[in-house]
Structures are given as structure tokens and as C-alpha cells.
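If you want the building blocks of each chain, they are given just below.
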Amino acid sequence: MATAPVDEGQSTLRQDLYKRDEYRFYASLADVQQNLFANQRLCGSEFDWVLDPYQIHYATVVYKPQPGAELKESILFDLTSYGTGYVVATVYSYFPMSGKEATKALRILQDPKVCWATEE
């Protein structure tokens, strides 16, 4: 029961209206998770990681630029891992993003030194 509002919010967020970008890059879900932990240490960010228990090639990340941020202030990534060694990340957010910001959001998954709150 406690997680129902989060799931509803994520379902609402997963609309074309809030889709900001999609990107394919060479990595594994384990690589992405390690990068997020490093980003947390380096940037003070926070994230929720959920691996689909029935389909191990799918994961969801709610990236919180500041600890305790609500979903409306966060970035949601849907990740799909392929046997070819690529991950496809789809980024959603309630706040509008320029192309540069969407690219930066996706780079967070690949480079732990990319901090959302810093200017680039």
C-alpha cells in the first residue's frame, strides 16, 4: 500500500507529454547502477533503483538531484538492457528540459562526475 502513490505518479509521468529524450549507449544495468552510486557520493544526489523482478532486462531509476526531492522535482529513467551490450534509456520529467538538459540527464547514467545541479 505504501508504494501505490509512487507507482501512480510514475505511471502519470510516463506520458509522451513528459518524455524528454531517449538514448542508446554501451553499458550494462550494473554499470549504470555503479555510476549512480558514484554520482551519489560525488554530487550529493539520491536515487531509487527498481529492477523489474519478472523481466531482468528492465529497470527504473528515479534520480533526485537533491536528497528527499519529490517526483515532480526528479528525473525518471526507464532502462532496457539488450544482449548486444547496449542500454536504451528513456528520460521523463515534469519540468521542461532543453535538449542540452536532456542530454545532461542521460549523461548522469554514464558518467558519475556529471552533477545535475552544476552549470555546464
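A few points on the structure. Along each chain, numbering runs from 1 in the same order as the chain's sequence is written. In view of the model being predicted, local features appear only for residues whose pLDDT reaches at least 70, and side-chain atom pairs are presented and counted only at 80 or more, with totals across whole chains, interfaces and linings using the full set of residues. The side-chain figures draw on all heavy atoms in the structure; neither hydrogens nor water molecules are used.

Moving on, we come to the nonpolar core. Buried Ala, Val, Leu, Ile, Met, Phe, Trp, Tyr and Cys residues form a nonpolar core when they are joined through side-chain atoms within 4.5 Å. Partly exposed residues are those whose accessible area sits between 20% and 50% of the maximum for their type, while under 20% is buried and over 50% is exposed, using a 1.4 Å probe and protein chains only. In this structure, Leu36, Tyr63, Ile75, Phe77, Leu79 and Leu109 are the most contacted members of the largest nonpolar core, which totals 23 residues. Secondary structure follows DSSP: runs of H or I at least 4 residues long count as helices, runs of E at least 2 residues long count as strands, and numbering of each begins at the N terminus. In terms of residue count, the dominant contributor to this core is helix α3 (residues 99–108) (four residues). We call two residues contacting when some pair of their heavy atoms lies within 4.5 Å. With sequence-adjacent residues up to four places away left out, leucine 79 is seen in contact with Leu29, Val32, Trp49, His57, Tyr58, Ala59, Val61, Val87, Val88, Ala89 and Leu109. Membership of the second largest hydrophobic core comes to six residues, among which are Leu13, Tyr18, Leu71 and Leu76.

Time to look at the packing of aromatic side chains. Here is the rule: rings of Phe, Tyr and Trp (six-membered ring for Trp) pair when centre to centre is within 6.5 Å. Planes less than 30 degrees apart are stacked, more than 60 are edge-to-face, and the remainder are tilted. The tally for this structure, following the rule as stated, stands at five aromatic pairs. Residues phenylalanine 37 and phenylalanine 47 carry aromatic rings whose centres are separated by 5.0 Å and whose planes lie at 75° to one another, so their mutual orientation is edge-to-face. With phenylalanine 37 in helix α2 (residues 29–43) and phenylalanine 47 in strand β2 (residues 46–51), this residue pair connects regions lying ten residues apart in the sequence. Criterion for a charge above a ring: Lys NZ or Arg CZ within 6 Å of the ring centre, and within 35 degrees of the ring normal. In this structure, arginine 24 is placed above the aromatic ring of tyrosine 86, and the distance from its NZ or CZ to the ring centre is 4.1 Å. The ring of tryptophan 116 carries the charged tip of lysine 104 above its face, separated from the ring centre by 5.8 Å.

The next subject is the pattern of salt bridges. Any Lys or Arg side-chain nitrogen found within 4 Å of a carboxyl oxygen on Asp or Glu counts as a salt bridge. Enumeration according to the criterion identifies five salt bridges in this entry. With its nearest N and O atoms 3.6 Å apart, the salt bridge here joins lysine 64 to glutamate 46. Of this pair, lysine 64 sits in strand β3 (residues 58–64) while glutamate 46 is found in strand β2, placing the two residues 18 residues apart along the sequence. Under the relative-accessibility criterion, glutamate 46 is labelled partly exposed at 23%. With a shortest N-O distance of 3.8 Å, aspartate 111 and lysine 113 are connected by a salt bridge. Residue classification places lysine 113 among the exposed residues on the basis of a relative accessible area of 63%. Shared partners join several salt bridges into a network, and the residues in it are Glu46, Asp48 and Lys64.

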